[in-house]
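# Descriptive analysis of the structure
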Amino acid sequence: MQVILGAKGGALITEMTASQAMFQMVGAILENVEGDSAVTSVLEHPSAFDAVKYYCGKTGKEFRVAQANPKTGGIDVEEIRRVVTPGTCLLSIMYASNITGTIMDMEAIVKAAREINPDIYIISDAVQHAPHAIMDVEELKLDGVNFAPYKFFGTRGMGYGYVSDRVAKLPHRKILQRPEDVWELGSPTPGNFAAMSAVVDYVCWIGGHFTDKTERRQLFAAGMERIHLQERALLWRMLEGSDKVPGLRHIPGVKVYVDTEDLSCRDLIVAMSIDGIVLSRCVQEYQKRGVTVFERLNTSVYSKRIVEAIGIEGAIRVSPLHCHTVEDIDRYLEITQELAKEFAC
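Source: prediction; values computed, not measured.

What counts and how
- Residues numbered from 1 in each chain as written.
- Predicted model: local features only at pLDDT ≥ 70, side-chain atom pairs only at ≥ 80, totals over all residues.
- Heavy atoms only, no water.
- Helix = DSSP H or I, 4+ residues; strand = E, 2+ residues; numbered from the N terminus.
- Rg over C-alpha atoms; globule rule 2.2 N^0.38 Å.
- Buried < 20%, exposed > 50% of the residue type's maximum accessible area, 1.4 Å probe, protein only.
- Contact = heavy atoms within 4.5 Å.
- Lys, Arg positive; Asp, Glu negative; His and termini not counted.
- Charge placed at Lys NZ, Arg CZ, Asp CG, Glu CD.
- Polar contact = N/O pair within 3.5 Å; in protein donor to acceptor, adjacent residues only side chain to side chain.
- Pairing = 2+ DSSP bridges.
- Axes fitted to C-alpha atoms, helices over the stretch in contact; angles between N-to-C directions.
- Salt bridge = Lys/Arg side-chain N within 4 Å of Asp/Glu carboxyl O.
- Core = buried A, V, L, I, M, F, W, Y, C linked by side-chain atoms within 4.5 Å.
- Parallel < 35°, antiparallel > 145°, perpendicular 65-115°, else oblique.
- Left-handed = near helix turned anticlockwise from the far one by under 90°.
- Nonpolar A, V, L, I, M, F, W, Y, C, P; charged D, E, K, R; others polar.

## Here's the deal with the overall build of the protein chain
Along the protein chain, the regular secondary structure elements total twelve helices and eleven strands. By the compact-globule yardstick of 20 Å for 345 residues, the protein chain fits well, its C-alpha radius of gyration being 21 Å. Based on the C-alpha atoms only, the size of the protein chain along its principal axes is roughly 65 × 45 × 35 Å. For the protein chain, the proportion of its 345 residues judged to be buried stands at 55%. Here the contacts in the protein chain between residues at least 6 apart in sequence split such that 67% fall between residues at least 24 apart. Across the protein chain, the centroid of the 37 positively charged side chains sits 3 Å from that of the 45 negatively charged ones.

## Notes on the side chain of Thr-40
Along the chain, Thr-40 falls in strand S2 (residues 37–41). Of the polar contacts made by the side chain of Thr-40, one reaches the backbone oxygen of Ser-92; its length is 3.0 Å. Filtering out sequence-adjacent residues up to four positions away, Thr-40 remains in contact with Phe-49, Val-52, Phe-63, Arg-64, Val-65, Ala-66, Ser-92 and Ile-93.

## What to know about the sheet that holds strand S3 (residues 62–66)
Taken in spatial order, the seven strands of this open sheet run S1-S7-S6-S5-S4-S2-S3, and their pairing is mixed. Here the strands that pair on one side only, and so sit at the sheet edges, are strand S1 (11–15) and S3. In this sheet, neighbouring strand axes are inclined to one another by 20° on average, regardless of whether the strands run parallel or antiparallel. Bridge analysis of S1 against strand S7 (residues 159–163) gives five bridges, and the strand direction is antiparallel.

## A few points about the pattern of salt bridges
When the charged atoms of two side chains lie near each other, side chains of opposite charge can form a pair. A complete count under the given rule lists 22 salt bridges for this structure. Between Arg-237 and Asp-330 there is a salt bridge, with the nearest N and O atoms lying 2.7 Å from each other. Of the two residues, Arg-237 is situated in helix H9 (residues 216–240) and Asp-330 in helix H12 (residues 326–342); the sequence distance between them amounts to 93 residues. We classify Asp-330 as buried; its relative accessible area is 2%. Measuring nitrogen to oxygen at the nearest pair gives 2.7 Å for the salt bridge that ties Asp-259 to Arg-249. In this pair, Asp-259 sits in the loop between strand S8 (254–257) and strand S9 (270–274) while Arg-249 sits in the loop between H9 and S8, placing the two residues ten residues apart along the sequence. Among the residues examined, Asp-259 registers a relative accessible area of 26% and is labelled partly exposed. With a relative accessible area of 22%, Arg-249 lands in the partly exposed category. Within the structure, one salt-bridge network assembled from shared partners comprises Glu-240, Arg-249, Asp-259, Glu-261 and Arg-266.

## Some details on the nonpolar core
Judged by nonpolar contacts, the single largest core of 62 residues is most densely connected at Leu-43, Ile-80, Leu-91 and Leu-142. With six residues, helix H8 (residues 190–207) is the single largest residue contributor to this core.

## So, the sheet that holds strand S10 (residues 294–297)
In space, the four strands of this open sheet follow the order S8-S9-S11-S10, with antiparallel pairing throughout. The strands lining the two open edges of the sheet, one partner per strand, are S8 and S10. Averaged over all pairs of adjacent strands, the angle between strand axes in this sheet comes to 40°, irrespective of strand direction. Here four bridges tie S10 to strand S11 (residues 314–318), and the two strands are oriented antiparallel to one another. Within the sheet, the bridge partner assigned to Phe-294 lies in S11 and is Arg-317.

## Brief notes about the pairing of S7
Most of S7 is tucked away: five of the five residues are buried. Side chains Gly-159, Gly-161 and Val-163 of S7 all project onto a buried face; the interleaved residues Tyr-160 and Tyr-162 project onto the opposite face, where all are buried too.

## Here we look at helix H5 (residues 106–116)
All buried positions along H5 are accounted for by Met-106, Ile-109, Val-110, Ala-112, Ala-113 and Arg-114. Taken together, the buried residues of H5 touch helix H4 (77–83), strand S4 (88–92), strand S5 (121–125), helix H6 (137–140) and helix H7 (165–168).

## Considering the packing of H9 against H12
Any two packed helices are characterised by the angle at which their axes cross and by the distance between the axes. Axis separation between H9 and H12 bottoms out at 10 Å; the angle between their running directions is 25°. Classified by the angle between their axes, H9 and H12 sit roughly parallel to one another. Note on packing geometry: the crossing formed by H9 with H12 is right-handed. Together, Leu-234, Arg-237 and Met-238 of H9 and Val-326, Ile-329, Asp-330, Tyr-332 and Leu-333 of H12 make up the contact between the two elements. Taken together, the residues of the contact of H9 with H12 break down into six nonpolar, no polar and two charged.

Shown next, in the form of structure tokens:
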């Protein structure tokens, strides 16, 4: 956890899922910290959104929701200033959108919230973002972060959470005879820790090609920086294409949603659609051709609030990773071009 998040203290939460870890940290804060309201955003995964709503109902605090900017797919700092008040005890904002890949300006969001209430607790759902770029909870002074090993090609059946020192010591479910900052209940499967350690080993191995430093956090940071740059290059290729094949921005009949120019503010995710073919059928057609993509529809409890917040009914989510090659991207674009021609209105 120290290597992945840059944590120098705090406590580790281990659950079967990252969603459970989120409910744990939200509950500890809202049940034990004074305040009259808590804030989350319309873009949140249900595990974060519902955790804040549930515990607001349980503790009698006002539940406040920051609205999205449909052009950027993010949460503006001005919107944070609108919904956070001096009585707001918790702000929960996801680090990056799992539909559009938009990375929130966490530094500016944290600064704005703490200008209004210096003691506010701030947590972030980092399940989407953690595998794509370096994070530093100490630099941002975050009080909680969760992430899921399977997003790193780790194992399912384990979710991790980090909580700061001040959250770690709040009353929470625990073995009463153990220290107050221990959150672990029982004995998680050792193999799950081994799998996550192997992920860190891999990222440090990448980092070792680009730095002479030997400390593990430094190697991990260098590796994640290169992963982020590689993914940005793949995203540019997907959007702009090449002399060989046009990118999504240039294929007639293809729509790219929340397509911002500044790719440094995006993870490698694209929300798109093809004219003339419904999203569920489109996923099937891609699958027939050996490409796995996912539909995110407003008929799903996991997607409805999020897609409608950016002004659409649904999208195809395309989510490659740094291990994909330029050839993979080009093949995806070729197939997209074929589908766009085949189903042209």
